[in-house]
Amino acid sequence: MYRNHFGGGKSFMEIATPNNAQIWLQARGIEARRLEMWGEGIADCGGAEVGEENASELWCTMRGIARDYDGCVLNQIEASSPLVELARRGGWAISDAEVCPTLAFPPTFDGYVKSLGKNMREQIKRYPKRLAKNFAVEVEMAQTQPQVDEFLTQLFELHGKRWRARGQTGVLVLPSRQKFHRALCADFLKRDWLRLWRLKLDGRPACVLLSYFWGGRYWFFIGGFEPEMMRWSVGTCLFARVFQHAIEEGATEFDFLRGAEEYKYRFGAVDREFVNLQWFAPTPRGKILEKRVALECEFWRRVHEKFGAN
């Protein structure tokens, strides 16, 4: 699906070993060709499934493929991955990437609430009651395709409205990205992986949160909030309901994905460390690509510093 929507000018490959280790790579560029993970630029984590028992075989295959390109840039690889040590031994450059705060769930929602600090614990208990006293509150998870279409439209509108209030556009403004997420959510709905939630106050959408449930873990992608309703802590109220549902259906973790935004830690998340792995050919094109990648990294570092906390 990603290839159909964003595959222009790219070639794709999937590497697998007999032991079910997998890694998904794409190549792009004209003057200087680079090898990277599928979804580079919009994905929060590098796409690899590998354990200690099959890491060496997978790494040797991938390293051999990389030699056919001017460089290989593997971003957002979990620091605990065995690929990291193999890259280190092979002389690849290793640098810190953005952390992905993750919340570990206890067996019960009451246990989760008790694990929070006093202030956050009181907010999760008090804020939903305050909403109920002042509004007609509706909380729903999309169960049908018409609901998914409606919720996503409202998510795009709320997300854009919040960013426009800051003089920015946000990551969902492009029609191509909206089309991709609609297709992805439609597919995930059929697989029962989609967890798309909406909070309405007096019949008006106030908050929409888009998550996925796979492998016993919730993966939070993005949220949209009505700026006029932010003083009612609508995000805190809806997140609390989502957490409760996640625990009840057996989730053990809630992964907030990339970005060290302050609100994630108030909910009790702790950082998962990630790194970037880079290798560049000792050729003129390899050196050009290395400089280009360094400029790209610096640009995105400044963007995240300026807007990441928002």
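It should be emphasised that the depicted structure is a prediction, and the values quoted were computed from it without experimental measurement.

A.B. asks: It is not clear to me how the overall build of the protein should be interpreted in this structure. Could you clarify?
C.D. replies: Along its length, the protein carries ten helices and 14 strands. For 310 residues, the compact-globule estimate of 2.2 N^0.38 gives 19 Å, and the C-alpha radius of gyration of the protein, at 21 Å, lies within 12% of that figure. Between the mean site of the 44 positive side-chain charges and the mean site of the 39 negative ones, the protein shows a separation of 5 Å.

A.B. asks: How do you make sense of the pattern of salt bridges when you look at a structure like this?
C.D. replies: Once their charged atoms are close, side chains differing in charge can pair, the charge on each being opposite to the other. Summed over the entire model, instances satisfying the criterion amount to 19 salt bridges. Here Arg28 and Glu36 are joined by a salt bridge, their closest N and O atoms 2.4 Å apart. With a relative accessible area of 26%, Arg28 lands in the partly exposed category. Salt-bridge contacts for Arg195 lead to Asp192; the nearest nitrogen and oxygen are separated by 3.4 Å. On the basis of relative accessibility, which here comes to 3%, the residue Arg195 falls in the buried class. Taken together, the shared-partner salt bridges in this structure form one network comprising Glu78, Arg217, Glu253, Asp255 and Arg272.

A.B. asks: Please explain the environment of Ser11 as it appears in this structure.
C.D. replies: Here Ser11 lies in strand S1 (residues 11–16). You can call Ser11 partly exposed: its relative accessible area is 27%. Separated by 27 residues in sequence, Ser11 and Trp38 place their C-alpha atoms 9.8 Å apart. Not counting residues up to four positions away in its chain, the partners in contact with Ser11 are Leu25, Gln26, Ala27, Arg33 and Tyr69.

A.B. asks: Can you help me understand the packing of helix H5 (residues 118–134) against helix H8 (residues 234–248) in this one?
C.D. replies: Geometry of a packed helix pair, given as the angle between the helix axes and the separation of the axes. One way to put it is that H5 packs onto H8 with a least axis distance of 9 Å and a crossing angle of 105 degrees. Classified by the angle between their axes, H5 and H8 sit roughly perpendicular to one another. Residues Met120, Ile124, Tyr127, Pro128 and Leu131 of H5 lie in contact with H8, whose contacting residues are Thr236, Cys237 and Ala240. Its residues placed into classes, the contact of H5 with H8 shows seven nonpolar, one polar and no charged.

A.B. asks: I'm lost on unusual backbone geometry in this one. Help?
C.D. replies: With the exception of glycine, the majority of residues adopt a negative phi angle, and the majority of peptide bonds are in the trans configuration. In the Ramachandran plot, Asp202 falls in the positive-phi region, its phi being about 55 degrees despite a non-glycine side chain. Counting through the fold element by element, Asp202 comes out in the loop between strand S9 (194–201) and strand S10 (204–214). Residue classification places Asp202 among the partly exposed residues on the basis of a relative accessible area of 48%. Unlike most non-glycine residues, Ser233 shows phi in positive territory, near 55 degrees.

A.B. asks: It is not clear to me how the packing of helix H2 (residues 55–66) against helix H3 (residues 82–89) should be interpreted in this structure. Could you clarify?
C.D. replies: Direction vectors running N to C along H2 and H3 enclose 55 degrees, while the axes themselves pass 10 Å from each other. In terms of orientation, H2 lies oblique with respect to H3. The interaxial crossing formed by H2 with H3 has right-handed handedness. Residues Ala55, Ser56 and Trp59 of H2 lie in contact with H3, whose contacting residues are Pro82, Leu83, Leu86 and Ala87. Across the contact of H2 with H3, the residue classes break down as six nonpolar, one polar and no charged.

A.B. asks: Can you help me understand the sheet that holds strand S11 (residues 217–225) in this one?
C.D. replies: Through backbone hydrogen bonds, the strands of a sheet pair up, either in parallel or in antiparallel fashion. Taken together, the seven strands give an open sheet; going across it, the order is S8-S9-S10-S11-S12-S7-S13, and neighbouring strands pair in mixed fashion. The two strands at the open ends of the sheet, each matched to only one other strand, are strand S8 (137–141) and strand S13 (270–272). The mean inter-strand angle of the sheet, taken between neighbouring strand axes irrespective of direction, is 30 degrees. Pairing of S11 with strand S12 (residues 253–255) involves three bridges; the strand directions are parallel.

A.B. asks: I keep staring at the pairing of strand S3 (residues 34–37) and nothing clicks. Help me out?
C.D. replies: The side chains of a regular strand alternate between the sheet's two faces. Across four bridges, the pairing between strand S2 (residues 22–28) and S3 is antiparallel. Bridge pairing in S3 places Ala27 opposite Leu35. Bridge count for S3 against strand S5 (residues 71–78) is three bridges, and the pairing is parallel. Residue pairing across strands places Leu35 opposite Cys72, the latter belonging to S5.

A.B. asks: Mind showing me how you'd approach the packing of aromatic side chains here?
C.D. replies: Two descriptors summarise a pair of aromatic rings, namely the distance from one centre to the other and the angle between the planes of the rings. Enumeration over the complete set of coordinates arrives at 32 aromatic pairs. Here the aromatic rings of Tyr2 and Phe6 are separated by 5.6 Å at their centres, their planes lie at 40 degrees, and the arrangement is tilted. Of this pair, Tyr2 and Phe6 are both found in helix H1 (residues 2–6), four residues apart, which corresponds to roughly one turn of the helix. Taken together, Phe105, Phe109, Tyr112, Phe213, Tyr218, Phe220, Phe239, Phe243, Phe254, Phe256, Tyr263 and Phe267 form an aromatic cluster joined through their ring pairs. Over the ring of Tyr127 we find Arg130, and its NZ or CZ is 4.6 Å from the ring centre.

Parameters and conventions
Residues numbered from 1 in each chain as written. Predicted model: local features only at pLDDT ≥ 70, side-chain atom pairs only at ≥ 80, totals over all residues. Heavy atoms only, no water. Helix = DSSP H or I, 4+ residues; strand = E, 2+ residues; numbered from the N terminus. Rg over C-alpha atoms; globule rule 2.2 N^0.38 Å. Lys, Arg positive; Asp, Glu negative; His and termini not counted. Charge placed at Lys NZ, Arg CZ, Asp CG, Glu CD. Salt bridge = Lys/Arg side-chain N within 4 Å of Asp/Glu carboxyl O. Buried < 20%, exposed > 50% of the residue type's maximum accessible area, 1.4 Å probe, protein only. Contact = heavy atoms within 4.5 Å. Axes fitted to C-alpha atoms, helices over the stretch in contact; angles between N-to-C directions. Parallel < 35°, antiparallel > 145°, perpendicular 65-115°, else oblique. Nonpolar A, V, L, I, M, F, W, Y, C, P; charged D, E, K, R; others polar. Left-handed = near helix turned anticlockwise from the far one by under 90°. Pairing = 2+ DSSP bridges. Phe/Tyr/Trp six-rings, centres within 6.5 Å; stacked < 30°, edge-to-face > 60°. Lys NZ or Arg CZ within 6 Å of the ring centre and 35° of its normal.

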